[in-house]
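Residues per chain, in single letters:
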Amino acid sequence: MTDYLLIALALLGVLILGTVGLVAPKLRRRREPPLPTTEVETRAEEDLAGPPVEAAEAEPPVGILVEPPPAPPVQVPEVPVEVPVEVPEPTAGRLVRLRSRLSRSQSVFGKGLLGLLSRDRLDEETWEEIEESLITADVGIDSTREIVDRLRERTRVLGTRTVAELRTLLAAELVNALDPELDRALHTAPKDGVPAVLLVVGVNGAGKTTTCGKVARVLVADGRSVILGAADTFRAAAADQLETWAGRVGAETVRGPEGADPASVAFDAVKRGIETGVDTVLVDTAGRLQNKVGLMDELGKVKRVVEKHGPIDETLLILDATTGQNGLEQARVFTEAVDVTGVALTKLDGTAKGGIVISVQRKLGIPVKLVGLGEGKDDLAPFDPAQFVDALLGAETGPDA
Ligand SMILES: Nc1nc2c(ncn2[C@@H]2O[C@H](COP(=O)(O)OP(=O)(O)OP(=O)(O)O)[C@@H](O)[C@H]2O)c(=O)[nH]1
Ligand SMILES: [Mg+2]
């Protein structure tokens, strides 16, 4: 009986061991890592010509090391960031304050021209030198002839010639060449509750966006409210640049997506200006000039579309003073595309050719209303012929002398 029981137990044991032996490998196989990973690693190892150590080093963990798994989100308490709104400096007397920025031109006009005029003898040669100086300073040939002819006549009539007298004569002729009677007011006041619209145009890099920003500051300083329209949709950075200027004085910027239709952004900016009841809407435009027809079309469309809201009050052409006579030729394209009502001559601080102001007005027949005298936020001054000439000649009397 015991023997029978032992045999039965032994058989049961063999049966159990057999079953475990058959099932266990299957279970183990199921728990193996997924095949694809193994395959990739194997192939990578096979493809590598170098020893297995290098293969191990070149394996995917490199990527994992470069890009660590994202850290769990950290809760940052929201602190309201208050951007202080700047109070721009007043505009009155800016040209006088910034007169030293014209130092390059001052040496041509003040020192050079006055030096020549003060010579003991004003002979033919000296007059030719005076003429050359004016032409070199970009005054333009016609204006130079007129100025020199009148100076010759007056110095001849006037017997005595002190430096002070000569300075007065030269100043009078330069101011006269700048047509002091022209209307240089920037038309930015709202009419019947509708904001004034100022359109800014000009070639690449002339200083359009900067001038837009500076004008916004001038207006804010004078107690006006403004909206800036980023109709330069050519580069996203252009709208960012404008927004930075606007942000400093707490003004709103209306912008569209990169590549949007400039006319529609300009339209929206004016619409927003009407809705929010601001005083002035400033519209910055793109400056590319690869193709005259394209530019004319684009600007013409901006003008037409904006004017669905009402007429544009001021179209400001931005001209870089350092481009001299070439810049003047390019400027003509803009005067054909839109009805330019005023010129802002930028970068006068960077040139010895301050006489460009005279040729710009003369050749374009458009008044210079503003001058840019530096990269600083408030380095823009309303243009005044008498103050400008005084600064050019380096006043013997006055606040900065
Ligand atoms: N020195 C000096 N630099 C100026 C003046 N006005 C503008 N600039 C500089 O000129 C450069 C170009 O100015 P922007 O205002 O970007 O010119 P833009 O016409 O808008 O250029 P695009 O939009 O690219 O056509 C910037 O570095 C300005 O700081 C100025 O009166 N004096
Ligand atoms: Mg710009």
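Residues numbered from 1 in each chain as written. Chains lettered and ligands numbered in written order. Predicted model: local features only at pLDDT ≥ 70, side-chain atom pairs only at ≥ 80, totals over all residues. Heavy atoms only, no water.

**Q** Report on the overall build of the protein chain, specifying residues and quantitative values.
**A** Within the protein chain, the secondary structure is distributed over 16 helices and eight strands. Relative to its full complement of 401 residues, the protein chain shows a buried share of 40%. When contacts within the protein chain are restricted to residue pairs at least 6 apart in sequence, long-range pairs at least 24 apart make up 76% of them. Split by element, the accessible area of the protein chain, about 22000 Å² in all, is 56% carbon and sulfur. (Helix = DSSP H or I, 4+ residues; strand = E, 2+ residues; numbered from the N terminus. Buried < 20%, exposed > 50% of the residue type's maximum accessible area, 1.4 Å probe, protein only. Contact = heavy atoms within 4.5 Å. Areas by Shrake-Rupley, 256 points an atom, 1.4 Å probe, with all protein chains shown as cover.)

**Q** Please set out the side chain of Ser133 residue by residue, giving values where relevant.
**A** Here Ser133 is to be found in helix α7 (residues 124-136). Assessed through its relative accessible area of 18%, Ser133 is described here as buried. Ignoring anything within four residues of it in the chain, the contact list for Ser133 reads Val108, Leu113 and Leu116.

**Q** Describe in detail the packing of aromatic side chains, supporting the description with residues and values.
**A** All told, the structure shown has one aromatic pair when counted by the stated rule. Over the face of the ring belonging to Trp245 we find Arg248, whose NZ or CZ atom lies 4.8 Å from the ring centre. (Phe/Tyr/Trp six-rings, centres within 6.5 Å; stacked < 30°, edge-to-face > 60°. Lys NZ or Arg CZ within 6 Å of the ring centre and 35° of its normal.)

**Q** Tell me about the pattern of salt bridges, residues and numbers included.
**A** Tallied over the entire structure, the rule returns 21 salt bridges. What you see here is one network of salt bridges that share partners, running through Arg94, Arg217 and Asp378. (Salt bridge = Lys/Arg side-chain N within 4 Å of Asp/Glu carboxyl O.)

**Q** Would you mind going over the site of ligand 1 in detail, with residue names and values included?
**A** Taken together, 20 residues sit near ligand 1, with Lys208, Thr209, Thr210, Asp349 and Glu375 positioned nearest. A distance of 3.5 Å separates an oxygen atom of ligand 1 from a polar backbone atom of Leu373. Residue Gly374 places a main-chain N or O atom 3.3 Å away from a nitrogen atom belonging to ligand 1. Contact with the protein chains covers 79% of the free accessible surface of ligand 1, which is 660 Å². The element that contributes the greatest number of residues to the shell around ligand 1 is helix α10 (residues 208-221), accounting for four residues. Partitioning the shell around ligand 1 into residue classes produces three nonpolar, ten polar and seven charged. (Near = heavy atom within 4 Å. Polar contact = N/O pair within 3.5 Å; in protein donor to acceptor, adjacent residues only side chain to side chain. Nonpolar A, V, L, I, M, F, W, Y, C, P; charged D, E, K, R; others polar.)

**Q** An account of the packing of helix α6 (residues 103-117) against helix α9 (residues 163-177) is requested, with residue identities and associated values reported.
**A** Each pair of packed helices can be described by the angle between their axes along with the distance between the axes. Contact geometry for α6 and α9: axes closest at 10 Å, N-to-C directions at 120°. Of the possible angle classes, the one that applies to α6 and α9 is oblique. When the axes of α6 and α9 are compared, the crossing they make is right-handed. Counted together, Phe109, Leu113, Leu114 and Leu117 of α6 and Leu166, Arg167, Leu170 and Leu174 of α9 form the full contact between these two elements. Residue composition of the contact of α6 with α9, by class: seven nonpolar, no polar and one charged. (Axes fitted to C-alpha atoms, helices over the stretch in contact; angles between N-to-C directions. Parallel < 35°, antiparallel > 145°, perpendicular 65-115°, else oblique. Left-handed = near helix turned anticlockwise from the far one by under 90°.)

**Q** Explain helix α16 (residues 385-393) to me, and be specific about the residues and the numbers.
**A** Listing the buried residues of α16 in full gives Pro385, Phe388, Val389, Ala391, Leu392 and Leu393. On its buried side, α16 packs onto α5 (94-97), α6, α9 and α15 (356-364). Here α16 starts with a cap whose side-chain oxygen sits 3.3 Å from the backbone nitrogen of Ala386, and that cap is Asp384. Count one or two residues on from α16 and you reach Gly394, which has phi positive near 70°.

**Q** I'd like a rundown of the environment of Ser118, residues and numbers included.
**A** Note that Ser118 resides in the loop between α6 and α7. Separated by 48 residues in sequence, Ser118 and Leu166 have C-alpha atoms that sit 7.4 Å apart. With residues near it in sequence (within four places) discarded, Ser118 still touches Val163 and Leu166.

**Q** Before we move on, could you go through the sheet that holds strand β3 (residues 252-255) and cite the residues and values that matter?
**A** Taken together, the eight strands give an open sheet; going across it, the order is β3-β2-β4-β1-β5-β6-β7-β8, and neighbouring strands pair in mixed fashion. The strands lining the two open edges of the sheet, one partner per strand, are β3 and β8 (380-382). The sheet shows a mean angle of 25° between the axes of neighbouring strands, taken without regard to direction. Bridge count between strand β1 (residues 196-201) and strand β5 (residues 314-320): four bridges; the pairing is parallel. The residue of β5 that forms the bridge with Val200 is Leu316. The strands that helix α12 (residues 262-276) touches are β1, β2 (226-231), β3 and β4 (280-285); relative to β2, the one it contacts most, it runs at about 165°. On the sheet, α15 packs against β5, β6 (342-346) and β7 (368-372) and is oriented at approximately 155° with respect to β6. (Pairing = 2+ DSSP bridges.)

**Q** Residue-level account of the packing of α7 against helix α8 (residues 141-157), with values.
**A** Interaxial distance between α7 and α8 falls to 9 Å at its minimum, and their mutual angle equals 145°. In this structure, α7 meets α8 at a crossing whose hand is right-handed. When α7 is examined against α8, the residues Glu124, Trp127, Ile130, Glu131, Leu134 and Ile135 are found in contact with a partner set consisting of Ile141, Thr144, Arg145, Ile147, Val148, Leu151, Arg152 and Thr155.

**Q** Summarise helix α11 (residues 236-248); cite the residues concerned and give the values.
**A** Given a rise of 1.5 Å per residue, 13 residues ought to cover 18 Å, and the 19 Å separating the end C-alpha atoms of α11 matches this to within 8%. Where α11 is buried, its residues touch α10, β2, β3 and β4. (Expected span 1.5 Å × (residues − 1).)

**Q** Outline the side chain of Arg94, supporting the account with residue identities and numerical values.
**A** Within the fold, Arg94 resides in helix α5. Judged by its relative accessible area of 0%, Arg94 is buried. If we ignore the near neighbours within four places in the chain, the residues touching Arg94 are Glu89, Val218, Asp378, Leu380, Ala381 and Pro382.

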